[in-house]
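Chains, contacts and geometry: an overview
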Amino acid sequence: MLLLFVAVAAAIRSLSLSDVNFLHTTDTHGWYLGHQNQPVYSGDWGDFVSFAAHLKQTAHERGQDLLLVDSGDRHDGNGLSDITVPNGVVLMPIFMRQHYDIVTLGNHELYLLDAALQEAHQVAPHYANHYVCSNVEYWENGTWNVFGQRYRYFTTPQQKLRVLALLFLFDFTRNAKGTKVTPIERAVKERWFEDLLVEYGPDNVDLIVVVGHVPVDRKWNELGLLHAKLRLRFPETKVQYFGGHSHIRDFVVYDDHLTALQSGRFCETVGFLSINMTSPNPGRSRYFRSYIDFNRELFEFHSNKDKFDTDEGMQVKRQIAVAREQLGLDNVTGHVTDANYYMDYVPLSHPKNLYKLLTDRVLPLLPRATALEQRLIIINTGSVRYDLYKGPYTVDTHYIVSPFQNDWVSIQVPKDVALQIAPKLNEAPYIAYMRPPHQRNEAQLLAAANAKRHAGDAQVVMGAAPKLTKGYVTYDDFGHDGDDTEHKAVVQFPIPNVVQSQELCGLDPKELVEVVFYSFIEPNVRWALAELGHKAPAANFYSRRYLGLLLNDYVATHQV
Ligand SMILES: *[C@@H]1O[C@H](CO)[C@@H](O)[C@H](O)[C@H]1NC(C)=O
Ligand SMILES: *[C@@H]1O[C@H](CO)[C@@H](O)[C@H](O)[C@H]1NC(C)=O
Ligand SMILES: *[C@@H]1O[C@H](CO)[C@@H](O)[C@H](O)[C@H]1NC(C)=O
Ligand SMILES: [Zn+2]
Ligand SMILES: [Zn+2]
């Protein structure tokens, strides 16, 4: 037992607390039950509640502050959120057990008006003045209303720091009718923002916290815009950004007094950040960041308390157990025994690639709706959200792998044209929203792949290194020591916009082929056909049996 602990501890990097500390979650997408088939991310929301309470207590004992921050996207991606109607009724009461100091919404709270109103009527009142949203509104009683409040100004309990908190959603346009997003570029020109900059300045603000459902990457210029605007009024005030949406771990140094942290996705990560408010030196003397793997052992390790579970944490664990039971999420409908199937840890053609499994074996199960014998089924790679892990396949699993309940539509075109659609769509790298969010940062994917190559060389030298588990090795502006657990890097292979299953026979290139795809990408398919010089017929409804259901069918009846 002791030996095991030493081996584990050797690969863990401790947290370094300072004057003001933050725990940050983002893009949790309903994963509050924990990852059942992956020990590295198996912590549940109750464990997280206990952990946050301990860390806050430790900070307070040292006269330091700890603030909890969440930057949205709680819906979509897990049975706990998606199996209920409306989506989120069981989920949100569990989420709300965490005592956030600053909390806001993401785009996934805005696709359906139901979800948006749940934020307005349930979540925002629960968090009272801790719920902040600067640039999104909803329509009610004949007027536009702010979710919670536009900003929060408060004094921290320990260090008595005067904090101004702002919260922004990226320039999102697919929001439900009855909600309104004002892009940052316009929001900073609005009256309320101008007034804010009159009322607050360097004399009465020690720290600005901007929580954004916005990637912190410099290439996404929205935070850069805000940064330029804030620096006119606050040339040297400390500003801290917390970002999200692109589902990656990232940390960016904007200037000596401003850094930005992004804390992954799906309850795989709790981001930690501390600021030394008095250090005369910038960089690492002032800032410390860590990406904590979301599991109980690490939460216990960082808490360093004799008894880990708090009463409240235990209550949340019970609440989770009741929810699982009540929703039947653990009902087993099949088993995955042959392999873990990955979206991008292996190339597309690899037998353990999830897209290969889907295109070779699962998509052909889609019942035929027309008499045409030959068929192509095209899916955008973003329609898959997560890997398929070995172990029991439960009611929960298809919500995890592919939650989107889109309709299939189809068109009939000659085979030689049909076969060019997917290649055409894959030529167009700008269709970013067709791919999984974490696949959109190509620079980071490349850096990690290169580093992995070098790490391969180094391993020969470090013969006695502890055995590392597979997981994230993050490359950010401070280097690659940010992950609290040292992992063997997984390489993420770039994947295309779309993949397809082919059911073809015969040699005649002019024979008609049924081309089937989600209605979600119909505009893209039409674009591709136009590029190919083919006048596309109107798409017809084909089937409602969406990908997640086909996967259920396949796993229930086949060896996987
Ligand atoms: C709209 O009116 C109802 C009924 O008076 C009230 O309960 C609700 O809080 C109002 N909504 C807003 C956003 O003011
Ligand atoms: C902050 O940095 C200063 C200067 O390096 C140091 O003296 C002080 O102990 C640090 N504060 C904390 C809380 O670590
Ligand atoms: C789960 O199994 C129970 C007991 O067999 C059943 O009553 C319930 O309907 C199932 N729920 C789901 C969502 O499959
Ligand atoms: Zn997200
Ligand atoms: Zn998002």
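Now for a description of the structure that goes with this document. (Residues numbered from 1 in each chain as written. Chains lettered and ligands numbered in written order. Predicted model: local features only at pLDDT ≥ 70, side-chain atom pairs only at ≥ 80, totals over all residues. Heavy atoms only, no water.)

**Observations regarding the side chain of Ser303**
Within the secondary structure, Ser303 sits in helix 9 (residues 296–303). A polar contact is formed between the side chain of Ser303 and the backbone oxygen of Phe299, at a distance of 2.6 Å. Other than its neighbours up to four places away in sequence, Ser303 contacts Phe51, His54, Thr58 and Phe308. (Helix = DSSP H or I, 4+ residues; strand = E, 2+ residues; numbered from the N terminus. Polar contact = N/O pair within 3.5 Å; in protein donor to acceptor, adjacent residues only side chain to side chain. Contact = heavy atoms within 4.5 Å.)

**Concerning the coordination of the zinc ion (ligand 4)**
Within the protein, the zinc ion (ligand 4) binds to Asp27 (OD), His29 (NE2), Asp73 (OD) and His247 (NE2); these donor distances fall in the range 2.1 to 2.2 Å. The coordination sphere of the zinc ion (ligand 4) comprises four donor atoms, whose angles at the metal cover 85 to 170 degrees; the geometry is irregular. Within one chain, the residues donating to the zinc ion (ligand 4) are spaced in sequence as D-x1-H-x43-D-x173-H. (Donors = N, O, S within 2.8 Å, 3.2 Å for Na, K, Ca; no water. Tetrahedral: all angles 85-135°; square planar, octahedral: opposite > 155°, others 65-115°.)

**Brief notes about the pairing of strand 18 (residues 408–414)**
In terms of residue burial, strand 18 counts as a mostly covered element, since six of its seven residues are buried. Bridging between strand 18 and strand 23 (residues 540–543) involves three bridges; their strand directions are antiparallel. When the sheet's bridge partners are listed, Val409 is paired in strand 23 with Phe541. (Buried < 20%, exposed > 50% of the residue type's maximum accessible area, 1.4 Å probe, protein only. Pairing = 2+ DSSP bridges.)

**Details of the site of ligand 2**
Taken together, Ser18, Asp19, Gln64, Asn276, Thr278, Ser279 and Pro280 make up all the residues around ligand 2. Classifying every residue of the shell around ligand 2 by side-chain character gives one nonpolar, five polar and one charged. (Near = heavy atom within 4 Å. Nonpolar A, V, L, I, M, F, W, Y, C, P; charged D, E, K, R; others polar.)

**Details of the site of ligand 3**
Close contacts around ligand 3 come from Leu327, Asn331 and Val395, and that covers them all. Between ligand 3 and Asn331 there is a distance of 2.2 Å, counted from an oxygen atom to a side-chain nitrogen or oxygen. Expressed as a share of its isolated accessible area of 370 Å², the protein-covered part of ligand 3 is 28%. (Areas by Shrake-Rupley, 256 points an atom, 1.4 Å probe, with all protein chains shown as cover.)

**Some details on unusual backbone geometry**
Pro86 follows Val85 through a cis peptide bond whose omega is -10 degrees. By the secondary structure assignment, Pro86 is in the loop between helix 3 (79–82) and helix 4 (91–95). The phi dihedral of Phe266 falls on the positive side, at around 55 degrees, and the residue is not glycine. On the secondary structure map, Phe266 appears in the loop between strand 12 (258–263) and strand 13 (269–275). For Phe266, a relative accessible area of 2% translates into the label buried.

**Comments concerning the coordination of the zinc ion (ligand 5)**
Summarising the metal site, the zinc ion (ligand 5) is bound by the protein donors Asp73 (OD), Asn107 (OD1), His213 (NE2) and His245 (ND1), whose distances to it range over 2.1 to 2.2 Å. Here the zinc ion (ligand 5) is ringed by four donor atoms whose angles at the metal span 88 to 157 degrees, and the overall shape comes out irregular. Taken as a pair, the zinc ion (ligand 5) and the zinc ion (ligand 4) show a spacing of 3.4 Å, with Asp73 coordinating each metal. Taken together, the residues span a long stretch of sequence, with Asp73 in the loop between strand 2 (65–70) and helix 3 and Asn107 in the loop between strand 3 (102–103) and helix 5 (113–127) at a distance of 34 residues. Looking at Asp73, the relative accessible area reads 1%, which means it is buried.

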